[in-house]
Amino acid sequence: MLEQLKALAKEAGKIFLEAVSAEVTAKEGVGNFVTDYDIRVQELIYSRLKQIHPDAVLMGEEDEDHTADLSGDCFIVDPLDGTQNFINGYRHSAVSIGMTRAGEPVLGVVYNPYMDELFWAEKGKGAYCNGKPIHTSAAPLSESVLLFGCSSYNREQTELTFRLLRQLFDQALDLRSSGSAALDLCYVASGRVNLFFEYQLSPWDYCAGSLILTEAGGFASQWNGGKLDLEQGGSVLAAGPNAYAAALQTACAVLA
Ligand code: IPD
Ligand code: CA
Ligand code: CA
């Protein structure tokens, strides 16, 4: 099944490269858009997943109803993570397909067609990028570069996000913001940066990426240390093993 998911993520991602002019429609919130490509790519992924694993439940960003029964096997799909980048020609977006079994992520693939980089992980079998094993950095927070997302669609989160950003930045080396949470998690997994956080994300943003991260040796939780929520979504704090504890302590202090 993993091989089929890898081929599917690549096939779907290639559609981004062919995009000419996307039809953009506003969704709820500030700067939250969907394009005809998001919909087309999800339709392709769903039709293939129904053949690959007919008994699995599907949950995807472009569904009308986001409630899914996670008691069996469930695919959690973001057909195009990084829509704002895609619309602006920023060339940093990804296809993200995760599979949960009894509520736990067991397979994850994230494909960035612009770099032709395919990240994947299977529970208990490590994490890979284009066939090579990947590992998180061993750096402490004081030697880390940070990535963050600011949950821009929902501006009620802004204050907390920037408070945590300031506090972590003061303890770290530098920061970045990329516009694709799925790739952010893969970048922490591959040691390109050592910490990622965002206050409000959805299960399709992090289902696959969080497995890739933990299989690469990293840690991921909500800001309060709770388990990532694959039903409702929530906050994400992800880091390499020697930066995570200090980051979590800082996040808890910001929430208090
Ligand atoms: C978004 C991206 C972005 C993050 C947003 C997400 P979308 O997903 O992952 O990096 O900051 O919170 O919603 O809408 O491009 O699929
Ligand atoms: Ca997304
Ligand atoms: Ca999306």
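Residues numbered from 1 in each chain as written. Chains lettered and ligands numbered in written order. Predicted model: local features only at pLDDT ≥ 70, side-chain atom pairs only at ≥ 80, totals over all residues. Heavy atoms only, no water.

Asker: So what's going on with the coordination of the calcium ion (ligand 2)? Which residues, and what values?
Answerer: Bound to the calcium ion (ligand 2) on the protein side are Asp 78 (OD), Asp 81 (OD) and Asp 205 (OD), at distances that span 2.1 to 2.2 Å. The sequence motif formed by the donor residues of the calcium ion (ligand 2) is D-x2-D-x123-D. Between the two metal centres, the calcium ion (ligand 2) and the calcium ion (ligand 3), the spacing is 3.7 Å, with Asp 78 acting as a shared donor. The two residues Asp 78 and Asp 81 agree in class, both being buried. (Donors = N, O, S within 2.8 Å, 3.2 Å for Na, K, Ca; no water. Buried < 20%, exposed > 50% of the residue type's maximum accessible area, 1.4 Å probe, protein only.)

Asker: Provide a residue-level description of the sheet that holds strand 3 (residues 57-60), including the pertinent values.
Answerer: Pairing is mixed in the open sheet, where seven strands are placed in the order 3-4-5-6-7-8-9. The sheet is open, and its two borders are formed by strand 3 and strand 9 (132-133), each paired with just one other strand. Pairing of strand 4 (residues 73-81) with strand 5 (residues 94-101), which is carried by seven bridges, proceeds in the antiparallel orientation. Bridging from a neighbouring strand, Phe 75 pairs with Met 99 of strand 5. In the packing of helix 2 (residues 36-52) onto the sheet, the strands contacted are strand 3, strand 4 and strand 5, and the crossing angle to strand 4 comes to about 155°. Against the sheet, helix 5 (residues 181-189) contacts strand 4, strand 5, strand 6 (104-112) and strand 7 (117-122), and its axis sits at roughly 100° relative to strand 6. (Pairing = 2+ DSSP bridges. Helix = DSSP H or I, 4+ residues; strand = E, 2+ residues; numbered from the N terminus. Contact = heavy atoms within 4.5 Å. Axes fitted to C-alpha atoms, helices over the stretch in contact; angles between N-to-C directions.)

Asker: Pulling in residues and values, what's your account of the coordination of the calcium ion (ligand 3)?
Answerer: Binding of the calcium ion (ligand 3) to the protein goes through Glu 61 (OE), Asp 78 (OD) and Leu 80 (O), at separations of 2.1 to 2.4 Å. Counting along the primary sequence, the residues that act as donors to the calcium ion (ligand 3) give the motif E-x16-D-x1-L. What makes Asp 78 buried here is its relative accessible area of 1%.

Asker: Please give an account of the sheet that holds strand 13 (residues 219-221) that cites residues and values.
Answerer: The mixed open sheet is built from five strands, whose spatial order is 11-10-12-14-13. At either end of the open sheet lies a strand with only one pairing partner, and these are strand 11 (174-176) and strand 13. Along the sheet, successive strands turn relative to each other by an average axial angle of 15°, direction set aside. Here helix 4 (residues 158-171) sits on the sheet and contacts strand 10 (145-148), strand 11 and strand 12 (195-201); the angle it forms with strand 12, its principal contact strand, is near 170°.

Asker: I'd love a proper account of the packing of aromatic side chains, names of residues and values included.
Answerer: In total, this model carries 10 aromatic pairs according to the counting rule given. On the numbers, 5.6 Å between centres and 20° between planes, the contact of Trp 120 with Tyr 128 is stacked. Ring centres 5.9 Å apart and planes at 25° place the aromatic pair Phe 148 and Phe 197 in the stacked group. Taken as a pair, Phe 148 in strand 10 and Phe 197 in strand 12 lie far apart in primary sequence, 49 residues in all. Neither residue differs from the other here; Phe 148 and Phe 197 are each classed as buried. In textbook terms, an aromatic cluster arises when at least three aromatic residues are bridged by ring pairs, as seen for Phe 148, Phe 162, Phe 197, Tyr 199 and Trp 223. A cation sits over an aromatic face here: Lys 6 above Trp 120, 3.5 Å from the ring centre. Positioned over the ring face of Tyr 187 is Arg 192, at 4.6 Å from the centre of the ring. (Phe/Tyr/Trp six-rings, centres within 6.5 Å; stacked < 30°, edge-to-face > 60°. Lys NZ or Arg CZ within 6 Å of the ring centre and 35° of its normal.)

None of the figures reported here should be taken as evidence of function without further support.
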